[in-house]
Amino acid sequence: MESSARLSPALTVVVNAARKVGRRLLRDFVEVESLQVTQKGPGDFVSQADLRAEQALREELKRARPGFAFLMEESGASGDESWEWRWVVDPLDGTTNFLHGIPHWCISVGIEKRVSDTASEIAAGVIYNPASDELFWAEKGRGAFLNDKRLRVSARREMEEALFATGIPFKKVTRKAEFSATLARLMPQVAGVRRFGSAALDLAWVAAGRYEGYWELGLNRWDCAAGIIMVREAGGTVTAPGDGDPYQSGDVVAGNPNLHGRLREAVNAGIAAAAEWREAAAAGRPTPTGTDG
């Protein structure tokens, strides 16, 4: 059980809402075969459970903090455009796992604070997997926790001992070449690469030291808001492959301080190789190896 003494009032609101909605999702998960499912796109499904969870989270969070704005996966942005605080919510990250009866999915809520007219930061986050009853939470300057246990990223230093996580592109994802080229560079160097199907939990597991790092390109803000602060508060590093902001760009490279740089180098090399492949293909030249287009 998380230590309520450490939770700020806003974080307490999120934890209570996540646990309440998590109980509802868990009941739906047990009866997943009876859910009515509509298809939003290849590999991207929305269920009644997903929609109910988002609405329930909205109601719980709005009741507790009526002045906060929202950025939510299904319904998008809402609230005052000049918001000072905003909830960034993925009500069911890992929907495909959920609909296939795989107990690796979560509720993810970030608390975003506006710090200037043009900038904001993630001040806190909660990632909750009801199926395992693992509740990850973090607050800026106060650390990251799994239930009541303080989290620290892995201390491993060698690539051959490292386990990395990623998201394997599926049909609708456009940056398959970057992924293929990055994977081709990493596979000969590392102990393994995992794809479990929930970006938020991947980041939480980096914070918990289960992975040495994680990368993915093209995430949405609700996919990574809570996870970014989780890794940073656990002593890890989260950047974009280049100079941008990973939260704003959705291009995320996270890892322990020892191996983050090596992972980032591999991702950048993969991006460069994909650009070279596309340039060669456009010019009608033979394409370099290590990408799939």
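How each quantity is defined
Residues numbered from 1 in each chain as written. Predicted model: local features only at pLDDT ≥ 70, side-chain atom pairs only at ≥ 80, totals over all residues. Heavy atoms only, no water. Helix = DSSP H or I, 4+ residues; strand = E, 2+ residues; numbered from the N terminus. Rg over C-alpha atoms; globule rule 2.2 N^0.38 Å. Buried < 20%, exposed > 50% of the residue type's maximum accessible area, 1.4 Å probe, protein only. Contact = heavy atoms within 4.5 Å. Core = buried A, V, L, I, M, F, W, Y, C linked by side-chain atoms within 4.5 Å. Pairing = 2+ DSSP bridges. Axes fitted to C-alpha atoms, helices over the stretch in contact; angles between N-to-C directions.

A short note on the overall build of the protein
A count of helices and strands for the protein gives eight helices and 15 strands. Computed over C-alpha atoms, the radius of gyration of the protein comes to 19 Å, within 12% of the 19 Å expected from 2.2 N^0.38 for 293 residues, which places it in the range of a compact globule. On the principal axes, the C-alpha backbone points of the protein span a range of 60 × 40 × 40 Å. Each of the 293 residues in the protein was classed as buried or not, and the buried ones make up 53%.

Focus on the side chain of Glu139
Assignment of secondary structure puts Glu139 in strand E8 (residues 134–139). Beyond its immediate sequence surroundings of up to four residues, Glu139 is in contact with Arg6, Ser8, Leu11, Ala123, Ala124, Ile229 and Glu233.

A look at unusual backbone geometry
In this structure, Asp133 takes a positive phi of about 55° despite not being glycine. Position of Asp133 relative to the elements: it lies in the loop between strand E7 (120–129) and E8. Positive phi outside glycine occurs at Asn147, with the angle close to 55°. Residue Asn147 is classed as buried on the basis of its relative accessible area of 16%.

Re the nonpolar core
In terms of nonpolar packing, the biggest core is built from 36 residues, with Ile127, Phe136, Tyr214 and Tyr247 touching the most fellow members. With sequence-adjacent residues up to four places away left out, Phe136 is seen in contact with Gly125, Val126, Ile127, Phe145, Leu146, Leu151, Leu201, Ala204, Trp205, Ala208, Arg210 and Met230. Residues Leu11, Ala56, Leu61 and Leu99 belong to the second largest nonpolar core, which totals 35 residues.

Quick word on the sheet that holds strand E15 (residues 252–255)
Within the open sheet, the five strands sit side by side as E12-E11-E13-E15-E14. Their pairing is mixed. The sheet is open, and its two borders are formed by strand E12 (192–194) and strand E14 (237–239), each paired with just one other strand. With direction set aside, neighbouring strand axes in the sheet form an average angle of 15°. Pairing of strand E11 (residues 163–166) with E12 involves three bridges; the strand directions are parallel. In the sheet register, Leu163 faces E12, and the bridge partner there is Gly192.

So, the pairing of E15
Side chains Val252 and Ala254 of E15 all project onto a buried face; the interleaved residues Val253 and Gly255 project onto the opposite face, where all are buried too. Across four bridges, the pairing between strand E13 (residues 213–216) and E15 is antiparallel. Residue Glu216 lies in a different strand from E15, and its bridge partner there is Val252. Bridge count for E14 against E15 is three bridges, and the pairing is antiparallel. Bridge pairing in E15 places Val238 opposite Ala254.

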